[in-house]
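Given next are the chains, with one letter for each unit.
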Amino acid sequence: MSVRIGVVGAGNIGTAHACNISQLVSGAEVTAVYDFDRARAADLAMRCGAAPLASFEDLLASSMVDAVVIASPDDLHPEQALACLAAGKPTMCEKPLASAVSEALAVMEAEVAIGHRLIQMGFMRRFDPGYLALKAELSSGATGTPLMISCAHRNASVDVSHTSEMSLTNSAVHEMDITRWLLDSELSAITVLAGASSPHATAGFSDPMLILMESTSGVITHLEHFSNSRFGYDVTCSVTGSEGIASLESASWVSVKSAGRSGTSVPSIWTDRFNEAYVAEMQAFVDGVPSGELPGPSLWDGYVASACTSAAVESLRSGARAEVSLVPKPALYA
Ligand code: ISE
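Residues numbered from 1 in each chain as written. Predicted model: local features only at pLDDT ≥ 70, side-chain atom pairs only at ≥ 80, totals over all residues. Heavy atoms only, no water.

*Asks:* Kindly report on the packing of aromatic side chains, identifying the contributing residues and their values.
*Replies:* For the coordinates displayed, the defined rule picks out 4 aromatic pairs. Between the aromatic rings of Tyr-233 and Phe-274, the centroid separation amounts to 6.3 Å while the plane-to-plane angle is 80°, which identifies the pairing as edge-to-face. With a gap of 41 residues between them, Tyr-233 in the loop between β10 (220-226) and β11 (234-241) and Phe-274 in the loop between α8 (270-273) and α9 (275-288) connect regions that are remote in the sequence. Each member of the pair, Tyr-233 as well as Phe-274, is classed as buried. Feature note: the residues Tyr-131, Tyr-233, Trp-270 and Phe-274 constitute an aromatic cluster, connected by ring pairs. The cationic tip of Lys-135 hangs over the ring face of Trp-181; the distance from NZ or CZ to the ring centre is 5.2 Å. (Phe/Tyr/Trp six-rings, centres within 6.5 Å; stacked < 30°, edge-to-face > 60°. Helix = DSSP H or I, 4+ residues; strand = E, 2+ residues; numbered from the N terminus. Buried < 20%, exposed > 50% of the residue type's maximum accessible area, 1.4 Å probe, protein only. Lys NZ or Arg CZ within 6 Å of the ring centre and 35° of its normal.)

Written out as structure tokens, the structure is:
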């Protein structure tokens, strides 16, 4: 029997998830869509053969909805995640769980009180074949003990409403998660350095930023985060180990030599670069719903990522290194 999914949010990522569920994920269908923009919801619902519903509450209460995908604006994630927990509906929640660590903690504590996992976090990079290969390479031991990580995360452009804080909570949050996943080690401190800014960044928006993350195992990760690269979407990660270097270069599918130039194509947006990962994370979620065993990133991962981005925002504001402080890990996530 197929898992009937209600998608909350019909923007870029909600649309990508809904289309993936309808066309590429097996064992699931989109039955309901809600977006505050009714026309947008109706359009997406029609594409998926689903019903557009008038409110989030209607979607959650609908007998047509077994499970929920939260792909709404970031600030709505914590209250919607809490409502999904209260309704007992398995949920795939887009990152970030919350911009404020206190809100992320409240959601995690609500799941702990229920006593079993209901929410999988949308850290899709953990399902990307490139990152999986990088993790397998590190686990093989061929490059030795990881000592330092060098990352870049570049978007072609962002909306005029984008802020430095959003670069941290909405975007660099991916590196906070993937670094701890690659290293099997928590982050202990973050320093954000803002220098010269792109002429394409709006006033007051520090872009690019250099983000230094220290792990409890002593590994330092440096991340160039840039929201106005202009040339395209570019994500790289290179791990320097005691015996060698393992690098995940920019994904590229075609290499062309023509007109005196040689090069590869660059994706324009994350849904192009990571669609395989988005499909795989959704398939894992759907497969986990019937048994209640969700294999993907947990609310502990969502909470820790929010603790890291909160430290990053604190460092951006103060100009100083900020420590990441975490509550003890609940047994539910052991
Ligand atoms: C977006 O929400 C994502 O999740 C992308 O992976 C990230 O690169 C982008 O900066 C975010 O805005």
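Structure shown, so let's carry the discussion forward.
*Asks:* Hey, could you go over a nonpolar patch on the surface for me, with residue numbers and the actual values?
*Replies:* On the surface, Leu-147, Met-148 and Ile-220 cluster together into a nonpolar patch covering about 250 Å² of accessible area. Secondary-structure assignment places Met-148 in strand β7 (residues 146-154). (Patch = residues over 30% accessible without salt bridge, like charges linked within 9 Å, V, L, I, M, F, W, Y side chains within 5 Å. Areas by Shrake-Rupley, 256 points an atom, 1.4 Å probe, with all protein chains shown as cover. Salt bridge = Lys/Arg side-chain N within 4 Å of Asp/Glu carboxyl O.)

*Asks:* Go over the sheet that holds strand β8 (residues 187-194), please, and point to the residues and values.
*Replies:* As summarised here, the arrangement of the 7 strands in space is β12-β11-β7-β10-β9-β8-β15, forming an open sheet in which the pairing is mixed. Two strands lie at the open edges of the sheet, namely β12 (245-248) and β15 (322-323), each paired on one side alone. Here 8 bridges tie β7 to β11, and the two strands are oriented antiparallel to one another. Opposite Arg-154, over in β11, you have Asp-234 as the bridge partner. Along the sheet face, helix α7 (residues 164-183) touches β7, β8, β9 (209-215), β10 and β11 and points at about 35° away from the line of β9. Docked against the sheet, helix α10 (residues 299-318) engages β8, β9 and β15, running at close to 40° with respect to β8. (Pairing = 2+ DSSP bridges. Contact = heavy atoms within 4.5 Å. Axes fitted to C-alpha atoms, helices over the stretch in contact; angles between N-to-C directions.)

*Asks:* Could you give me a rundown of unusual backbone geometry, with the residues and numbers involved?
*Replies:* Of the consecutive residues Lys-95 and Pro-96, the connecting peptide bond is found in the cis state with omega at -10°. Its location among the elements puts Pro-96 in the loop between β5 (91-94) and α5 (101-114). A cis amide bond links Asp-207 to the next residue, Pro-208, at an omega of 10°. Of note, the phi angle at Ala-259 is positive, near 50°, even though the residue is not glycine. Its relative accessible area of 81% is what places Ala-259 among the exposed residues.

*Asks:* Residue-level account of the pairing of β7, with values.
*Replies:* Here β7 pairs with β10 via 7 bridges, running parallel. Looking at the pairing, Cys-151 lines up with Leu-223 of β10.

*Asks:* Report on the site of the ligand, specifying residues and quantitative values.
*Replies:* Every residue lining the ligand is accounted for by Lys-95, Met-124, His-153, Asn-155, Asn-170, Ser-171, His-174, Tyr-233 and Trp-270. A distance of 2.6 Å separates an oxygen atom of the ligand from a polar side-chain atom of His-153. Of the residues forming the shell around the ligand, the biggest block, 3 residues, is contributed by α7. Among the residues making up the shell around the ligand, the classes are represented as 3 nonpolar, 5 polar and 1 charged. (Near = heavy atom within 4 Å. Polar contact = N/O pair within 3.5 Å; in protein donor to acceptor, adjacent residues only side chain to side chain. Nonpolar A, V, L, I, M, F, W, Y, C, P; charged D, E, K, R; others polar.)

*Asks:* Lay out a negative patch on the surface with the relevant residues and their values.
*Replies:* A contiguous patch of negative charge, built from Glu-57, Asp-58, Asp-75, Glu-79 and Glu-103, is present on the exposed surface. Inspection of the secondary structure puts Asp-58 in helix α3 (residues 56-61). (Lys, Arg positive; Asp, Glu negative; His and termini not counted. Charge placed at Lys NZ, Arg CZ, Asp CG, Glu CD.)

*Asks:* Describe helix α4 (residues 77-87), listing the residues and the values that go with them.
*Replies:* For an α-helix the count is 3.6 residues per turn, leaving residues at separations of three or four pointing the same way. Residues of α4 that are buried include every one of His-77, Pro-78, Gln-80, Ala-81, Cys-84 and Leu-85, and no others. Angularly, the buried residues of α4 cover 165° about the axis, an arc narrow enough to put them on a single face. Opposite its buried face, α4 presents the exposed residues Glu-79 and Ala-86, each directed more than 90 degrees away. For α4, the elements touching its buried residues are β1 (3-8), α3, β4 (67-70), β5, α5 and β6 (119-122). Among the residues trailing α4, Gly-88 stands out with phi positive, at a value near 70°. (Arc of directions from axis to C-beta.)

*Asks:* So, the pattern of salt bridges: which residues are in play, and what are the values?
*Replies:* For the structure on display, the rule yields 15 salt bridges. A salt bridge links Arg-321 to Glu-214; the shortest N-O distance between them is 2.8 Å. Of the two residues, Arg-321 sits in the loop between α10 and β15 while Glu-214 sits in strand β9, which places them 107 residues apart along the sequence. The class of Glu-214 is partly exposed, set by a relative accessible area of 24%. Salt bridges sharing common partners tie together Arg-126, Asp-177, Arg-180, Glu-186 and Asp-301.

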